[in-house]
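The lines below spell out each chain.
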Amino acid sequence: MKIGSITFADPFVSLAPLAGYGDTAFRRICREYGASLTVTEMVSVKGLVYGNEKTETLLSLAPNESPSCVQLFGSDPEYFYKAVKLPQLNKFDIIDINMGCPVPKVTKCGEGSALMSNPSLAADIVRACVDAANGRPVTVKHRLGQNGDSINSAEFAKTMQKAGAAAITVHGRTVKQGYGGSAAWDEIGKTAKAVDIPVIGNGDILSIADAKAAIKNYGVAGVAIGRGALGHPEVFAEQDKHMPETLLKHIEYALLYLPERVAVRTMRKHLCKYLAGTTGTKELRLKINTAETAEQLISELVKADYGKQRYLRNEEKQ
Ligand SMILES: Cc1cc2nc3c(=O)[nH]c(=O)nc-3n(C[C@H](O)[C@H](O)[C@H](O)COP(=O)(O)O)c2cc1C
């Protein structure tokens, strides 16, 4: 599987961009377990161009993120051009453009999934990024269309290919669906057939076995996993086991990339995902949500024998 001139081993199984969760520590863990590619949380091109400090913290990379990928969002081709030209973006090997975000705060500005209703502007954005990217591949992530009556994924992907996109990720839901219902893989398959560039299918993949089946059955070049990796980065490993040490390593990495106060708050969210599906952890969750230091987090986890809970999940799967 190739994106531009970058070659990936098969099967290609990447971590989908996840705002609020796809921080550097989490991406590092996902790569350790075998994710083919990890993508930053979506980053505003306006925020970058205006030098917003919060925006720039989203650009930190883990040492194992090679090749690397940044996801940008916005609606003005000029801002995309300027953002991709910024020296802070030189370290990224792939530039991905968000054309799938359904959040009203984003779409009402013509950004994210709103671009699927404006293919000519979307194409201008791709061209602006290609012009600025200095030979690096530019990719697009989009949905099926606005709603069930206006599915335009295959047409849209063709337009993106013509504008210079090197690969497409298709999330098999409409904007109206949000994250509900199930992903329509037959529509993803139709999009994969419509273009010559690699299409990465996305939606409801929960294991490497799912990933391989999707690649085989729908003609996609690879898949991206979003929610299936939350609290479960081991999903990328061939030998998928819930490992107790994953949580501790995740906390350790969070402290490398974030000030402790922020790391603890970020880890609260992740730990809630790690503990989802476990039983008898109500008290532990409450303690986690009021912990203020990493030491408190770790001591609560150890006291509650959290590792046993994770091992129990392995047994459940059998
Ligand atoms: C919490 C959360 C944050 C997300 N943030 C982004 C984002 O920043 N950029 C993007 O393109 N998609 C984002 N998505 C969508 C996912 O990348 C993915 O397309 C979607 O979750 C479907 O895949 P899944 O069924 O494997 O979760 C987000 C999804 C979730 C649940």
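Values in this document were obtained by computation on a predicted structure and should not be read as measured data.

**Student:** Can you tell me about the sheet that holds strand β7 (residues 138–142), naming the residues and giving the values?
**Tutor:** Across the sheet, which stays open at both edges, the 8 strands sit in the order β3-β10-β9-β8-β7-β6-β5-β4 with parallel pairing between neighbours. Lying at the two open borders of the sheet, with one neighbouring strand each, are β3 (12–15) and β4 (39–44). This sheet shows a mean twist of 25° between the axes of neighbouring strands, independent of strand direction. Where β3 meets strand β10 (residues 222–225), 4 bridges bridge the pair, whose relative direction is parallel.

**Student:** Before we move on, can you summarise the domain arrangement of the chain with the specific residues and values?
**Tutor:** Domains assigned within the chain are domain 1 (2–236) and domain 2 (244–317). Computed from C-alpha atoms alone, the centre-to-centre distance between domain 1 and domain 2 is 28 Å. Residues belonging to the side of domain 1 that touches domain 2 are distributed by class as follows: 6 nonpolar, 3 polar and 3 charged.

**Student:** Give a description of the site of the ligand that names residues and reports values.
**Tutor:** The ligand sits among 23 residues. The nearest are Ala-16, Ala-19, Met-42, Gly-226 and Arg-227. Its residues assigned to classes, the shell around the ligand comprises 10 nonpolar, 9 polar and 4 charged.

**Student:** Report on the pairing of strand β9 (residues 199–202), specifying residues and quantitative values.
**Tutor:** Neither face of β9 is exposed, since Val-199 and Gly-201 on one face and Ile-200 and Asn-202 on the opposite face are all buried. As paired strands, strand β8 (residues 167–171) and β9 are joined by 4 bridges and run parallel to one another. Note that in β9 the partner of Thr-169 across the bridge is Ile-200. What joins β8 to β9 is helix α8 (residues 185–194), and the crossover it makes is right-handed.

Quick notes on the rules
Residues numbered from 1 in each chain as written. Predicted model: local features only at pLDDT ≥ 70, side-chain atom pairs only at ≥ 80, totals over all residues. Pairing = 2+ DSSP bridges. Helix = DSSP H or I, 4+ residues; strand = E, 2+ residues; numbered from the N terminus. Axes fitted to C-alpha atoms, helices over the stretch in contact; angles between N-to-C directions. Domains from an automatic or database assignment. Nonpolar A, V, L, I, M, F, W, Y, C, P; charged D, E, K, R; others polar. Near = placed C-beta within 6 Å. Buried ≥ 20, exposed ≤ 12 C-beta atoms within 10 Å, placed from the backbone. Right-handed = clockwise from strand over helix to strand, strands pointing away.

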